[in-house]
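If you want the building blocks of each chain, they are given just below.
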Amino acid sequence: MGESGAQYTFKVHDGTKIVRSMRKEPPAHYRIEIDSFTSFQRALPMRRRFFKSTQFYVEGYRWVLSIYPNGKEVDNGKDHISLYLQMAANLGDGYSSINATCKFFIYDYIKKMYLVVQGVEVYRFDDIEIQQGISRVLSLNDFTNASNGFLSNGRSMFGVEVTIVSATAKTANLRALNVWRDRTFTWAIPNFSECLMYDYVDSDEFTRRRSWRLQMHPKGWGKALGKGLSLYLCLMNSSDLTNGRKLFVHMELRLKNMKNEPDKVETVVGCYTSFATIWGSNYLASLSDVHNSEKGFKLDDQLIVEVELKELHLMADN
């Protein structure tokens, strides 16, 4: 896959550990415009063939952008633009090293976009290894070719964007919870024809450490109102599901058939949180089937419903 500037073309992945792209947005942390690149190139002393930018800060660390307009030859960058991120001060007490990724930018004045060049590896900086970067950002032939737009009346613009890779990143865990042997729970619901809403709070044995409520709407709920039987499993104690903690419940809801015909079954995966505490089926069975005595779902004005817990998973911070 390839992309292009005005005339300049490149492969996004060229077989090296470098990724290239184009974007309109400027670098987030630093950019510098050079009025006359060729004069700048000639003015650098032979023994010091690079230029350090003014200092800038990212997450409390001081940095400079080092530009090698003729390439950093010791890193095989001859005849290329070489760009490096360099620490401008020692890390200080309590820090042995920091890790960072960075993107280097060269502005295309014709397309009004930036060529973005990024190494795929994370760079390690310490008091010895203070400079990391890319020796072959762009060949001088491509850079100086006026049709590519990187030089405009002698002007050029470079930039850098830095991301500190923290060793103390927040981590989370999605773990399966034990589901005990008896995990099917059955309710017999009497006087179904007179029931407007069946709301049953279980005992603590339903699921260990959590209380649930079975909620049934005999005349339907929401889009199923007047059409279908709605059945939900509601979590009663969700106070511990804060800060993004989630409880995933894989369950089967069943309306039992009392003529040994197939039950009405729906599989539901509920994602319970501190504010989403009700999951289930809007339309477990049609009301016409429920009330039709030939179908076998209602006997002596009683229904039997079941909830089977298949799996429970808790997502929480470590």
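These figures come from a predicted structure and were not determined experimentally.

A.B. asks: What is the right way to read the side chain of Glu 252 from this model?
C.D. replies: Of note, Glu 252 is situated in strand S19 (residues 246-255). Residue class for Glu 252 comes out buried when judged on its relative accessible area of 17%. A polar contact is formed between the side chain of Glu 252 and the side chain of Arg 254, at a distance of 2.9 Å.

A.B. asks: Can you help me understand the side chain of Gln 131 in this one?
C.D. replies: Residue placement: Gln 131 occurs in strand S12 (residues 131-139). Looking at Gln 131, its side chain comes within polar contact range of the side chain of Lys 72, at 2.7 Å. A distance of 2.9 Å separates a polar atom in the side chain of Gln 131 from a polar atom in the side chain of Gln 86. Discounting residues that sit within four places of it in the chain, Gln 131 has contacts with Ser 66, Tyr 68, Lys 72, Tyr 84, Leu 85, Gln 86 and Phe 125.

A.B. asks: What is the right way to look at unusual backbone geometry in this model?
C.D. replies: Residues other than glycine predominantly adopt negative phi, and peptide bonds predominantly adopt the trans conformation. With phi around 65 degrees, Asn 76 is a residue other than glycine that occupies positive phi space. Mapped onto the elements, Asn 76 comes out in the loop between strand S7 (61-68) and strand S8 (80-87).

A.B. asks: When you look at the packing of aromatic side chains in this model, what are you seeing that I'm missing?
C.D. replies: Geometry of an aromatic ring pair is reported as the spacing of the ring centres plus the angle between the planes. For the coordinates displayed, the defined rule picks out 15 aromatic pairs. With 4.8 Å between their ring centres and 20 degrees between their planes, Tyr 30 and Phe 56 make a pair best called stacked. In this pair, Tyr 30 is assigned in strand S4 (residues 30-34) and Phe 56 in strand S6 (residues 56-58), connecting sequence segments 26 residues apart. With respect to burial, Tyr 30 and Phe 56 carry one shared label: buried. Taking 5.0 Å as the distance between ring centres and 80 degrees as the angle between the ring planes, the aromatic pair formed by Trp 63 and Phe 125 counts as edge-to-face.

A.B. asks: Could you clarify how one ought to interpret the pairing of S4 in this entry?
C.D. replies: Each regular strand displays side chains that alternate between the two surfaces of the sheet. Every second residue of S4 is oriented toward a common face, the buried set being Tyr 30, Ile 32 and Ile 34 and the non-buried set Arg 31 and Glu 33. Both S4 and strand S13 (residues 156-165) contribute to a ladder of five bridges, which runs antiparallel. Residue pairing in the sheet places Ile 32 in a bridge with Phe 158 of S13.

A.B. asks: Looking at this structure, how should I read the pattern of salt bridges?
C.D. replies: Under the defined criterion, the tally for this structure stands at 13 salt bridges. Here Asp 75 and Lys 72 are joined by a salt bridge, their closest N and O atoms 3.6 Å apart. The partly exposed category is assigned to Asp 75, whose relative accessible area is 34%. Overall, the relative accessible area of 14% leaves Lys 72 in the buried class. The shortest N-O distance in the salt bridge between Lys 264 and Asp 289 comes to 3.4 Å. Pair noted here: Lys 264 is in strand S20 (residues 264-272) and Asp 289 is in helix H3 (residues 287-291), with a separation of 25 residues, a long-range link.

What counts and what doesn't
Residues numbered from 1 in each chain as written. Predicted model: local features only at pLDDT ≥ 70, side-chain atom pairs only at ≥ 80, totals over all residues. Heavy atoms only, no water. Helix = DSSP H or I, 4+ residues; strand = E, 2+ residues; numbered from the N terminus. Buried < 20%, exposed > 50% of the residue type's maximum accessible area, 1.4 Å probe, protein only. Polar contact = N/O pair within 3.5 Å; in protein donor to acceptor, adjacent residues only side chain to side chain. Contact = heavy atoms within 4.5 Å. Phe/Tyr/Trp six-rings, centres within 6.5 Å; stacked < 30°, edge-to-face > 60°. Pairing = 2+ DSSP bridges. Salt bridge = Lys/Arg side-chain N within 4 Å of Asp/Glu carboxyl O.

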